[in-house]
Amino acid sequence: MSASDLWSIVPELWLAGLAIFLLLVDLLTARKSLVGVVAVMGLLLSIIPIGSLLTQGARTVIFGSYAVDGFAVFFKILTVIATALVVLAAIDWLPGRSQYEGEFYALLVFTALGLVLMAASTDIILLALSIEFVSLTSYVLAGYLKGDVKSNEAGVKYFLYGAAASAVMLFGFSILYGLTGSTNLYEIARRVANAPLPALYLSIALMLSGFGFKISMVPFHQWTPDVYEGAPTPVAAYLSVASKAAGFAALVRMLMVVVDPGRLNWILLIAVLSAVSMTLGNLLALPQRNIKRMLAYSSISHAGFLLIGVAAFRGDFGTPGLLIYLLGYMFTQLGAFFVAALIGQQLGTDDIPDYAGLSRRAPVSALLMAVFMLSLTGFPPTSVFIGKFYVLAGAIDNGLLWLAIVGVVNSVISLYYYAGVIRAMYVMPAASTVPLREPAALQVALGIAGLGTLLIGLYPQPIIDLARSAVLLLRI
Amino acid sequence: MIPVPYYLTISAVLFTVGMAGVLVRRNALVIFMAIELMLNSVNLTFVAFARQLAAIEGQVAVFFVIVIAAVEVVVGLAIIIAIFRARSTVDIDDVDLLRG
């Protein structure tokens, strides 16, 4: 390890320092929204050291345990943007619900650090630690509203489910270590050729439980609706976007680096899990009345869609498609949750029928919500459309035509429940015509999410180039 | 010396007992103990393999897993106490506000 290694992890050091600094600011000020503003500014400033990594070549630092490549940088950017938007939304949402506001922002930044570590770890010990880091802060955030029984329940469910899933994953890691005698992913990849196949299957299956839990893939999805409904809305937004993205980053790195699909056919395994996640998530979303539960089931279905990009990793479309999809989905899903947060705060309800007449009471938010719903369905010209287009092209390119057909059919099914929200907002008669107050910071976060959704949809070329270069650098 | 496969068998048994505990028991604290059992089976596997391979990484990994288990106790018990204060029960079948 050398001093130049430290320069390569400046973004991580910056985030760690920022989180500790936020705790200090929280001690010194009585105006807690100031802590949130400092957090947003600090997160935005971290784009500078992250951007400086873009021009450097792919390599591993700190004894080969940490990757500095385009893939990791892409997820750093995604995490930082998502965290900044969630903090912005929480500045308006949190006051009055919890007296511990400053710590909330600090915890979000700590979680961001864990997510960034997760996406770049190339050593199974570091990977296990960073996944656990993210899990622990997420448990606390999910159960953050101590006086709210639903939030408590979300916390305990998330904790029990997550702790069990990560114990199973660690068992998989220990078997992988035993098979290869190394904890470094690249070293494991070199030695895994001699490992007995049944034991390798077992360890991959056990590890999938940990990653599957993070990305809420069927059959590790049961926690998702309960936690999203009970957790504070900005936290639910964060879990459905940032935690999922980092889970995909770790999964892709593990599968692509370690396991040769010619030896162990994980492509078929992932393809089947993808089809099941898409279909089950969609069918369970159909009867939902609560917007957060509906978004939770739809996020399971989107996890299935994203898995197409993992299965179709050969060629120019699959993996870049996964990255484009994740970025586009981040803006859209965050936006949808922010509207839910706004309505939850102003009307005190999360039920979709209560969105009636929103087009007159909060025209801007209603219009944005309609855009997000259309984007989640996959209508052009929105960001998720570009992502879906790329992963489906990847599936066809990789000879997974059946999976592409399942994907298209599921997109059509999903239109039903997404359109239900638009129908409630624009067609159903309003219970009252009093305009809703739209708080400033939440409105800004909402605006950025809407802008991101439309910009990526209308002018995707820079994002496509970024994703392409990120994938090229992945294999060292 | 006891051969390494014996340790691996014990650890697989421990893991299975822990998994069964998570699936069958309904008290949040007992589930939590079952999870700790699973983490200990992970430790045993790491140590046994480290011994067999004469490599140090496995033993180092054990320390990290112990730390993970300890931190999970801190966060987990805090969450379980919060729910106990609100409802005077830690039976997860009674914790059922969120469903559908």
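Residues numbered from 1 in each chain as written. Chains lettered and ligands numbered in written order. Predicted model: local features only at pLDDT ≥ 70, side-chain atom pairs only at ≥ 80, totals over all residues. Heavy atoms only, no water.

## A few points about the overall build of chain B
Alright, step 1. The helix and strand tally for chain B stands at three helices and zero strands.
Alright, step 2. Listing each helix as α and each strand as β along chain B from the N terminus yields α-α-α.
Alright, step 3. A compact globule built from 100 residues should have a C-alpha radius of gyration of about 13 Å, whereas chain B, at 17 Å, is more than 25% larger.
Alright, step 4. Based on the C-alpha atoms only, the size of chain B along its principal axes is roughly 50 × 25 × 25 Å.
Alright, step 5. Within chain B, buried positions represent 40% of all 100 residues.
Alright, step 6. Within chain B, counting contacts between residues at least 6 apart in sequence, those at least 24 apart form 53% of the total.
Alright, step 7. Of the roughly 5,500 Å² of accessible surface on chain B, a fraction of 70% belongs to carbon and sulfur atoms.
Alright, step 8. Here chain B carries 6 positive and 7 negative side-chain charges, and the mean point of each set is 3 Å from the other. (Helix = DSSP H or I, 4+ residues; strand = E, 2+ residues; numbered from the N terminus. Rg over C-alpha atoms; globule rule 2.2 N^0.38 Å. Buried < 20%, exposed > 50% of the residue type's maximum accessible area, 1.4 Å probe, protein only. Contact = heavy atoms within 4.5 Å. Areas by Shrake-Rupley, 256 points an atom, 1.4 Å probe, with all protein chains shown as cover. Lys, Arg positive; Asp, Glu negative; His and termini not counted. Charge placed at Lys NZ, Arg CZ, Asp CG, Glu CD.)

## Concerning the interface of chain A and chain B
Alright, step 1. Each partner contributes to the interface: chain A provides 37 residues, whereas chain B provides 41 residues.
Alright, step 2. At the boundary of chain A with chain B, total buried surface from both sides reaches about 3,300 Å², with 80% on carbon and sulfur atoms.
Alright, step 3. Among the ionic pairs, Arg-87 of chain B bridges to Glu-153 of chain A, the shortest N-O distance being 3.3 Å.
Alright, step 4. Only helix H7 (124-142), helix H8 (149-180), helix H11 (223-230) and helix H14 (291-311) of chain A provide two or more residues apiece to the side of chain A that touches chain B.
Alright, step 5. Element by element, the count of residues in the side of chain A that touches chain B is highest for H8 of chain A, at 22 residues.
Alright, step 6. Here the side of chain A that touches chain B is built from residues that sort into 21 nonpolar, nine polar and seven charged. (Buried area = accessible area lost by both parts, 1.4 Å probe. Salt bridge = Lys/Arg side-chain N within 4 Å of Asp/Glu carboxyl O. Nonpolar A, V, L, I, M, F, W, Y, C, P; charged D, E, K, R; others polar.)

## Here we look at the packing of aromatic side chains
Alright, step 1. Under the criterion given, the structure shown has 22 aromatic pairs over all chains.
Alright, step 2. Between Phe-159 of chain A and Phe-32 of chain B, the aromatic rings sit 5.2 Å apart at their centres with planes inclined by 65°, giving edge-to-face as the arrangement. Taken together, the residues span two chains, with Phe-159 of chain A in helix H8 and Phe-32 of chain B in helix H2 (residues 28-53). Accessibility assignment for this pair places Phe-159 of chain A and Phe-32 of chain B in one class, buried.
Alright, step 3. Each ring, one from Tyr-417 of chain A and one from Tyr-418 of chain A, has its centre 4.6 Å from the other, and the planes form 50°; the classification is tilted.
Alright, step 4. Under the relative-accessibility criterion, Tyr-417 of chain A is labelled buried at 4%.
Alright, step 5. By relative accessible area, which is 1% here, Tyr-418 of chain A ends up buried.
Alright, step 6. Here the aromatic residues Tyr-139, Tyr-158, Phe-159, Tyr-161, Phe-213, Trp-223, Tyr-228 and Phe-337 of chain A together with Phe-32 of chain B are joined through ring pairs into a cluster of three or more.
Alright, step 7. Over the aromatic face of Trp-93 of chain A sits the side chain of Arg-97 of chain A, whose NZ or CZ is 3.9 Å from the ring centroid. (Phe/Tyr/Trp six-rings, centres within 6.5 Å; stacked < 30°, edge-to-face > 60°. Lys NZ or Arg CZ within 6 Å of the ring centre and 35° of its normal.)

## Observations concerning H11 of chain A
Residue and element names in this part refer to chain A.
Alright, step 1. In terms of burial, H11 is a largely internal element, eight of the eight residues being buried.
Alright, step 2. Among the residues of H11, those classed as buried are Trp-223, Thr-224, Pro-225, Asp-226, Val-227, Tyr-228, Glu-229 and Gly-230.
Alright, step 3. Looking at the buried residues of H11, the elements they touch are H7, H8, helix H10 (197-215), helix H12 (233-258), H14 and helix H15 (318-347).

## Thoughts on unusual backbone geometry
Residues and elements named next belong to chain A.
Alright, step 1. For the bond from Val-218 to Pro-219, the omega torsion is 5°, close enough to zero to count as cis.
Alright, step 2. Its place among the elements puts Pro-219 in the loop between H10 and H11.
Alright, step 3. Cis geometry is adopted by the peptide bond preceding Pro-381, which originates at Pro-380 and carries an omega value of -5°.
Alright, step 4. Position of Pro-381 relative to the elements: it lies in the loop between helix H17 (363-377) and helix H18 (383-397).
Alright, step 5. Of note in the backbone geometry, Phe-63 takes a positive phi value of approximately 55° without being a glycine.
Alright, step 6. Its place among the elements puts Phe-63 in the loop between strand S1 (59-61) and strand S2 (66-68).
Alright, step 7. On the accessibility criterion, Phe-63 (67% relative accessible area) is exposed.

## Focus on the side chain of Lys-388 of chain A
Residue and element names in this part refer to chain A.
Alright, step 1. Mapped onto the elements, Lys-388 comes out in helix H18.
Alright, step 2. A distance of 3.4 Å separates a polar side-chain atom of Lys-388 from the backbone oxygen of Leu-376.
Alright, step 3. Beyond its immediate stretch of four places on either side in the chain, Lys-388 contacts His-302, Phe-305, Tyr-325, Leu-376, Thr-377, Gly-378 and Ser-411. (Polar contact = N/O pair within 3.5 Å; in protein donor to acceptor, adjacent residues only side chain to side chain.)

## Comments concerning the side chain of Thr-382 of chain A
Alright, step 1. Topologically, Thr-382 of chain A is positioned in the loop between H17 and H18.
Alright, step 2. Here Thr-382 of chain A is in contact with Val-371, Leu-374, Ser-375, Thr-453 and Gly-457 of chain A, once residues within four sequence places are set aside.

## A closer look at the environment of Ile-413 of chain A
Residues and elements named next belong to chain A.
Alright, step 1. Relative to the elements of secondary structure, Ile-413 occurs in helix H19 (residues 401-426).
Alright, step 2. The class for Ile-413 is partly exposed, based on a relative accessible area of 27%.
Alright, step 3. Leave out the neighbours within four places in its chain, and Ile-413 touches Asn-282 and Leu-286.

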